[in-house]
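Coordinate analysis (summary)
One letter stands for each residue in the lines below.
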Amino acid sequence: MKRDKFLTVMAVLDDRAQYVLGALQNKLTDVGLVGSHTTDVPFHVSLGSFPVSEQMRLTKKLRQTASVCKPFTLELSRYADFDKKVLYLQPLYSDEIYGLHKLFDGNFSDGMPFVPHVTMFCGDEKSVESAESVLGRLAQPFAVTVTSLLIGEFFPAKLLADFPLIG
């Protein structure tokens, strides 16, 4: 169950990935598919969600983690969905993303288990199936680089701090 306000810690993808994934989302808009996903945050893998009261602790931990963690590559391998409501790109297994998740393990916003993913579209079952059909014809598996850690507040979306991985 989503709560009114919560924080999310995100592993943000590189500029090239932002461009490519944004172009894919634009293809959906071009064919008339408008979803309910948040579009004003960069493409990312969510690592955990937390109560807003933890902002200072999380910001400190993000700063420390980013100072010792180097950018790393994920291979976005296939489309999948959550209950035909959320279409996402799923990365191949990565020690790095699971390691970061362990550091920021929290599921305050929805209580669901961790599934690394990059959200591409949210909507009703018919719209998600249509989006998957459109994107399935357009996208090929590709490598992206995680370049920073971000903390944001939801809803509405508000980006609070972004720390480049410099380890």
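Residues numbered from 1 in each chain as written. Predicted model: local features only at pLDDT ≥ 70, side-chain atom pairs only at ≥ 80, totals over all residues. Heavy atoms only, no water.

1. Details of the packing of aromatic side chains
Enumeration according to the criterion identifies six aromatic pairs in this entry. When the ring of Y98 is compared with that of F114, the centres are 5.5 Å apart and the planes differ by 90 degrees; the resulting orientation is edge-to-face. Taken together, the residues Y98 in helix α3 (residues 95-103) and F114 in the loop between α3 and β5 (118-122) connect sequence positions 16 residues apart. Across from the ring centre of F50, 6.0 Å away, lies the NZ or CZ of R57, which sits over that ring. Over the ring of F104 we find K61; its NZ or CZ atom is 5.2 Å from the centre of that ring. (Phe/Tyr/Trp six-rings, centres within 6.5 Å; stacked < 30°, edge-to-face > 60°. Helix = DSSP H or I, 4+ residues; strand = E, 2+ residues; numbered from the N terminus. Lys NZ or Arg CZ within 6 Å of the ring centre and 35° of its normal.)

2. Some thoughts on the confidence of the model for the protein chain
Here the protein chain averages 92 in pLDDT, and 96% of its residues register 70 or above. Within the protein chain, helix α4 (residues 125-138) has the poorest average pLDDT of any element, 88, and helix α2 (residues 55-68) the best, 97. (pLDDT = per-residue confidence, 0-100.)

3. Here we look at the pattern of salt bridges
Under the defined criterion, the tally for this structure stands at three salt bridges. E153 is the partner of K5 in a salt bridge, and the nearest nitrogen-oxygen pair spans 3.5 Å. Here K5 is found in the segment before β1 (6-13), whereas its partner E153 is found in strand β6 (residues 142-154), with 148 residues between them in sequence. The exposure class assigned to K5 is partly exposed, which follows from its relative accessible area of 37%. With relative accessibility at 15%, the residue E153 sits in the buried group. A salt bridge links K84 to D81, with the nearest nitrogen and oxygen atoms 3.6 Å apart. D81 sits in the partly exposed class, given a relative accessible area of 25%. (Salt bridge = Lys/Arg side-chain N within 4 Å of Asp/Glu carboxyl O. Buried < 20%, exposed > 50% of the residue type's maximum accessible area, 1.4 Å probe, protein only.)

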